[in-house]
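Architecture and fold: a report
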Amino acid sequence: MQEYINRHNLHDVFVFLGTTPNPYPYYKECTLYVQTSRYEGFGLSIAEARILNRPVVTTEFPAVYFQMVPNKNGIVV
């Protein structure tokens, strides 16, 4: 992803923060939560974004449908 961002000069649009002990301030400030996983056991971060009423866009993986109803409570791509 970083290589793609570098190649397309998207530094001002995407920032990778890594891990943080308290992600909630970031959820509060975001306008959209994007989950780019290839696999998640449950997708806790999706649940957190939904609890905080943030729009969600996520990649498709089997467990995503435990939480997401495509085009109802988010977008699955």
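Before reading further, recall that the structure is shown in the block above.
A brief look at the structure comes next. (Residues numbered from 1 in each chain as written. Predicted model: local features only at pLDDT ≥ 70, side-chain atom pairs only at ≥ 80, totals over all residues. Heavy atoms only, no water.)

**Examining the nonpolar core**
Of all hydrophobic cores here, the largest spans 10 residues; its members are Y27, Y33, I46, A49, V56, F61, A63, V64, M68 and V76. Those residues in contact with F61 that lie beyond four places of it in its chain are Q35, S37, R38, Y39, E40 and I46. (Core = buried A, V, L, I, M, F, W, Y, C linked by side-chain atoms within 4.5 Å. Buried < 20%, exposed > 50% of the residue type's maximum accessible area, 1.4 Å probe, protein only. Contact = heavy atoms within 4.5 Å.)

**Overview of the environment of L32**
Along the chain, L32 turns up in the loop between α2 (24-29) and β1 (33-35). Accessibility expressed as a relative area gives 42% for L32, which makes it partly exposed. In this structure the C-alpha to C-alpha distance between L32 and V15, which are 17 residues apart in sequence, comes to 13 Å. Those residues in contact with L32 that lie beyond four places of it in its chain are P55, V56 and V57. (Helix = DSSP H or I, 4+ residues; strand = E, 2+ residues; numbered from the N terminus.)

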